[in-house]
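# Coordinates in review
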Amino acid sequence: MARKKIALIGAGMIGGTLAHLAAKKEMGDIVLFDIAEGMPQGKALDLSQCGPIEGFDARITGTNDYADIAGADVVIVTAGVPRKPGMSRDDLLGINLKVMKAVGEGIKNNCPDAFVICITNPLDAMVWALREFSGLPHNKVVGMAGVLDSARFATFLAWEFGVSTRDVNAFVLGGHGDTMVPVTSYTTINGIPVNDYAKIKGVSPDRIDAIVKRTRGGGGEIVQLLGNGSAYYAPATSAISMAEAYLGDQKRILPCASYVEGKYGLDGLYVGVPTVIGAGGTEEVIEIELSDEEKSNLKVSTDAVEELLEACKGLDSSLA
Ligand code: A3D
């Protein structure tokens, strides 16, 4: 069987990490695309030389030519600029929207059958714009955010309770911004609802609230510490798990920025919801029951996403 082809658009911090992970897992041959000349080629060479040590067979190439992504099975998009300290994800809108236009056209012309995972921020608006520019079906374009946000929530909960991260099943809905909605009612410690477990362990509701707040600001905390750029290890590994779910037809239920029409009272919006990922791409959006408070928090979050879409339409008339 021929190897799968993974195209990574943007060969920066996340792009390079994605390439390394995909190679180690032998997910397929990897093409690193970037507008910076020489950089993707250099990274591809460096990463290829990990092969003999780590024992993987994957052809890794770098390019500045979209023709080289032809026929890709999976495309992961990180092209654009990341945040600097003091910036919100939304501050990136103007620059990254133009990047999505170029990337969308590159995908449309070279690999229209690919499963496309967008990571570029502001995520929910950029995945929507990328879908519009590429013209791919909605089930083949998805945004990575919920897997990462849930992993952050799970990490903080595992630390608080002193349990293995593997036993924490954390749940985050909504847009990938400070209005995201960590949902404690669906978060469990190996099946035990987190609020019940907190009672058993004598952890106060205030502590859980503080963890929810830290999760919401989890990206910003890292931006502040790094001083230059944003998180890349966990974002990359999150997107790889989504690509694996697609390539392996795993039918995983992952929180992703998926296209939602009808469910959650939404009408054609990309936003973080539990989604089945398999060979059909995003095969199903699962609508869960929410409390009134969770519903109103989700509304604040989706309103913020809608505002960003309006801003995108104002910046590019082809989106209106
Ligand atoms: P960085 O290391 O700067 O890499 C971005 C790369 O994109 C650079 O190598 C650029 O040369 C390249 N690039 C710029 N314009 C184009 C273009 N038109 N075509 C192709 N390549 C281009 O950033 P990064 O890898 O740290 O982050 C990438 C993006 O992911 C940023 O927008 C971040 O904000 C975003 N991000 C999202 C999450 C989510 O959870 C959604 C988490 C972390 C970062």
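Residues numbered from 1 in each chain as written. Predicted model: local features only at pLDDT ≥ 70, side-chain atom pairs only at ≥ 80, totals over all residues. Heavy atoms only, no water.

Next up on the list: the overall build of the protein. Across its full length, the protein holds eleven helices and 14 strands. Compactness check: the protein gives a C-alpha radius of gyration of 19 Å against a globular reference of 20 Å for 320 residues, within 12% of the reference. Taking the principal axes of its C-alpha atoms as reference, the protein extends roughly 55 × 50 × 40 Å. The buried share of the protein, reckoned over its 320 residues, is 52%. Nonlocal contacts in the protein, meaning residues at least 24 apart in sequence, comprise 70% of its contacts between residues at least 6 apart. Counting 29 positive and 40 negative side-chain charges, the protein places the averaged centre of each group 3 Å from the other. (Helix = DSSP H or I, 4+ residues; strand = E, 2+ residues; numbered from the N terminus. Rg over C-alpha atoms; globule rule 2.2 N^0.38 Å. Buried < 20%, exposed > 50% of the residue type's maximum accessible area, 1.4 Å probe, protein only. Contact = heavy atoms within 4.5 Å. Lys, Arg positive; Asp, Glu negative; His and termini not counted. Charge placed at Lys NZ, Arg CZ, Asp CG, Glu CD.)

This part takes up the layout of surface pockets. Volume-wise, the largest pocket comes out at about 910 Å³. As for the largest pocket, its lining consists of 45 residues, of which Thr78, Ala79, Gly80, Val81 and Pro82 are closest to the centre. Among the elements of the structure, α1 (13-24), α4 (93-110), α6 (146-161) and α9 (218-226) are those that each provide at least two residues to the lining of the largest pocket. Per-element tally for the lining of the largest pocket: the top contributor is α4, with five residues. (1 Å grid on protein atoms, 1.4 Å probe; cavity = no way out; pocket = protein on both sides within 12 Å on 5 of 7 lines; lining within 4 Å. Points joined across faces, edges and corners; volume = space filled by probe spheres on them.)

Contacts to the ligand come from 26 residues, most closely from Met13, Ile14, Asp34, Val81 and Ile119. One of the backbone nitrogen or oxygen atoms of isoleucine 14 is found 2.9 Å away from an oxygen atom of the ligand. Between an oxygen atom of the ligand and a side-chain N or O atom of aspartate 34, the distance comes to 2.6 Å. Contact with the protein chains removes 88% of the 870 Å² of surface that the ligand exposes when unbound. Mapping the ligand onto the cavity grids shows that it belongs to the largest pocket. Among the elements of the structure, α1 and α4 are those that each provide at least two residues to the shell around the ligand. Residues of the shell around the ligand, tallied by class, amount to 16 nonpolar, nine polar and one charged. (Near = heavy atom within 4 Å. Polar contact = N/O pair within 3.5 Å; in protein donor to acceptor, adjacent residues only side chain to side chain. Areas by Shrake-Rupley, 256 points an atom, 1.4 Å probe, with all protein chains shown as cover. Sits in = over half its atoms within 2 Å of the grid points. Nonpolar A, V, L, I, M, F, W, Y, C, P; charged D, E, K, R; others polar.)

Bringing unusual backbone geometry into the picture now. The step from asparagine 121 to proline 122 runs through a cis peptide bond, and the omega angle for that step is -5°. Note that proline 122 resides in the loop between β5 (115-118) and α5 (123-134). Positive phi, close to 45°, is recorded for aspartate 249, a residue that is not glycine. The class for aspartate 249 is partly exposed, based on a relative accessible area of 33%. The backbone of lysine 251 shows a phi angle near 55°, a positive value even though the residue is not glycine.

Moving on: the UniProt feature "binding site: NAD(+)" (unreviewed entry) in the protein. Mapped onto the present numbering, the UniProt feature "binding site: NAD(+)" (unreviewed entry) falls at Gly10, Ala11, Gly12, Met13, Ile14, Gly15, Asp34, Asn96, Ile119, Thr120 and Asn121. Of the annotated set, the members that line the largest pocket are Gly10, Ala11, Gly12, Met13, Ile14, Gly15, Asp34, Asn96, Ile119, Thr120 and Asn121. With respect to the element layout, glycine 10 can be found in the loop between β1 (5-9) and α1. Excluding its chain neighbours within four sequence positions, the residues that come into contact with glycine 10 are Gly15, Leu32, Phe33, Asp34, Thr78 and Ala79. Inspection of the secondary structure puts threonine 120 in the loop between β5 and α5. For threonine 120, a relative accessible area of 4% gives the class buried. Residues contacting threonine 120, with those up to four places away along its chain left out, are Val77, Thr78, Ala79, Asn96, Met100 and Met126. (UniProt positions renumbered as here; feature names shortened; annotations may be inferred.)

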